[in-house]
There are 2 protein chains.
Amino acid sequence: MKSLLLIAHGSRRSGSNEEIRQLTSKLRELAGAEYQQVDCAFLELAEPSIETAIDRLVAAGETQILCVPYFLARGAHVASDIPEALEAAKAKHPSVTFTTSEYLGEADQLPGILMQIAGRAATQAKPSHT
Amino acid sequence: MKSLLLIAHGSRRSGSNEEIRQLTSKLRELAGAEYQQVDCAFLELAEPSIETAIDRLVAAGETQILCVPYFLARGAHVASDIPEALEAAKAKHPSVTFTTSEYLGEADQLPGILMQIAGRAATQAKPSHT
């Protein structure tokens, strides 16, 4: 059983965390039958933590967990904190296979997306004060 | 003359800021003749600031500046800090047209991109410790 875990930073603002949960719902829809479960976890400031989220997935019978870091740059979180949390999870659940994808910021689709975002704004000519 | 300004948070880590500069170079290539100049600015912790970057674009003759916030969530930076910086820029350069796009995190392409990132990782089955 394969699951997808979106790992976000977490925020003091509940609205920001809610954005992550809504994004996770969209991923769940897109995943169809490919992933048994699609969930999110927060590195800090919000729940569930990476440990808690993984514990839940394993308790639900998942044997393969694919982690997708929702981060824009290779800071300490991507370089150290997430790998450390996943090493701890592997030690705790040795029969589960953990895989980590690229983080969002290194996806080669991003420059194209940004140009599309720019193009949409240029078309709508939305003033900066709205 | 139209220019694109990617607005990032900025980091204490020079590597993270360098990622933004490299991304800006890619945007510049993609922009072709559509934008006269493509540049980046940082909200804090790195140079150039939004004010400095805009001053430079205006000094170079730009009359339309399209700002693209490179942020994942609608936190205080997106909701207040960037609009305030752009209001100040508009007051300083009243003949320049400023437009602000969606921030990256609200782009409707993001869920699809994340599923593609997940799909690539699942295919490569890269272990989490690499």
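Below you will find a few notes about this structure. (Residues numbered from 1 in each chain as written. Chains lettered and ligands numbered in written order. Predicted model: local features only at pLDDT ≥ 70, side-chain atom pairs only at ≥ 80, totals over all residues. Heavy atoms only, no water.)

1. Describing the relation of the copies chain A and chain B
Spelled out, the test is: Least squares is used to superpose the copies, and the fit set is the C-alpha atoms of residues whose pLDDT is at least 70 in both copies. Contact between two residues is taken to exist if any of their heavy atoms lie within 4.5 Å; hydrogens are not considered.
Mapping chain A onto chain B calls for a rotation angle of 180 degrees and an axial translation of 0.0 Å; the resulting RMSD is 0.0 Å. One copy is carried onto the other by what is essentially a two-fold rotation axis. Closest approach to the rotation axis within chain A is made by the C-alpha atom of L72(A), at a distance of 4.0 Å. Of the residues that chain A buries at the interface, 100% are likewise interface residues in chain B, meaning the two copies contact each other through the same surface.

2. A short note on the interface of chain A and chain B
Convention followed: For any pair of parts, buried area is found by adding up, for both, the accessible area (1.4 Å probe) each one loses once the two are put together. Just to be clear on terms, a salt bridge is a Lys or Arg side-chain nitrogen sitting within 4 Å of an Asp or Glu carboxyl oxygen. Polar contact criterion, stated in full: a pair of N or O atoms within 3.5 Å, where within protein one must be able to donate a hydrogen and the other to accept it, and residues adjacent in sequence count only if both atoms are side-chain atoms.
On the side of chain B, 53 residues touch chain A, which itself brings 53 residues to the contact. For the chain A and chain B pair, buried surface summed over both sides reaches about 4400 Å², with 65% attributable to carbon and sulfur atoms. Taken together, the links from chain A to chain B amount to four salt bridges. Between the two partners, chain A and chain B, sit twelve residue pairs in polar contact (both at pLDDT 80 or more).

3. With respect to unusual backbone geometry
Going from E47(A) to P48(A), the amide bond is cis rather than trans, its omega being 5 degrees. In this structure, L45(A) is a non-glycine residue whose phi angle is positive, near 70 degrees.

4. Some points on the sheet that holds strand β4 (residues 97-100) of chain B
Residue and element names in this part refer to chain B. Basically, it comes down to this: Two strands are said to pair when DSSP picks up at least two bridges between them. Runs of E in the DSSP output that reach at least two residues are strands. Runs of H or I that reach at least four are helices, and both are numbered from the N terminus. Comment: axis = line fitted to C-alpha atoms, over the contacting stretch for helices; angle = value between 0 and 180 degrees taken between N-to-C directions.
In space, the four strands of this open sheet follow the order β2-β1-β3-β4, with parallel pairing throughout. A single partner strand is all that each edge strand has here, and the edge strands are β2 (37-42) and β4. Within this sheet the neighbouring strands show an average axis-to-axis angle of 25 degrees, counted without direction. Both strand β1 (residues 2-8) and β2 contribute to a ladder of six bridges, which runs parallel.

5. Thoughts on the sheet that holds strand β3 (residues 64-69) of chain A
All names here are of chain A. The four strands are arranged β2-β1-β3-β4 in an open sheet whose pairing can be described as parallel. Each edge of the open sheet is held by one strand with a lone partner, namely β2 (37-42) and β4 (97-100). Mean inter-strand twist for the sheet, computed between neighbouring axes without regard to direction, equals 25 degrees. With four bridges joining them, β3 and β4 adopt parallel strand pairing. Within β4, the position partnered with L66 by the bridge is T99. The strands touched by helix α3 (residues 76-92) are β1 (2-8), β3 and β4; relative to β4, the strand with the most contacts, the crossing angle is about 170 degrees.

6. Looking at the packing of helix α2 (residues 50-59) of chain B against helix α3 (residues 76-92) of chain B
Residues and elements named next belong to chain B. The cut-off we apply is this: Take the far helix as the reference: if the near one is turned anticlockwise from it by less than a right angle, the crossing is left-handed, and if turned clockwise, right-handed.
Put simply, α2 and α3 touch, their axes get as near as 10 Å, and they point 35 degrees apart. Seen along the crossing, α2 lies across α3 with a hand that is right-handed. For the pair α2 and α3, contact is made by I50, E51, I54 and D55 and by A85, L86, A89 and K92, respectively.

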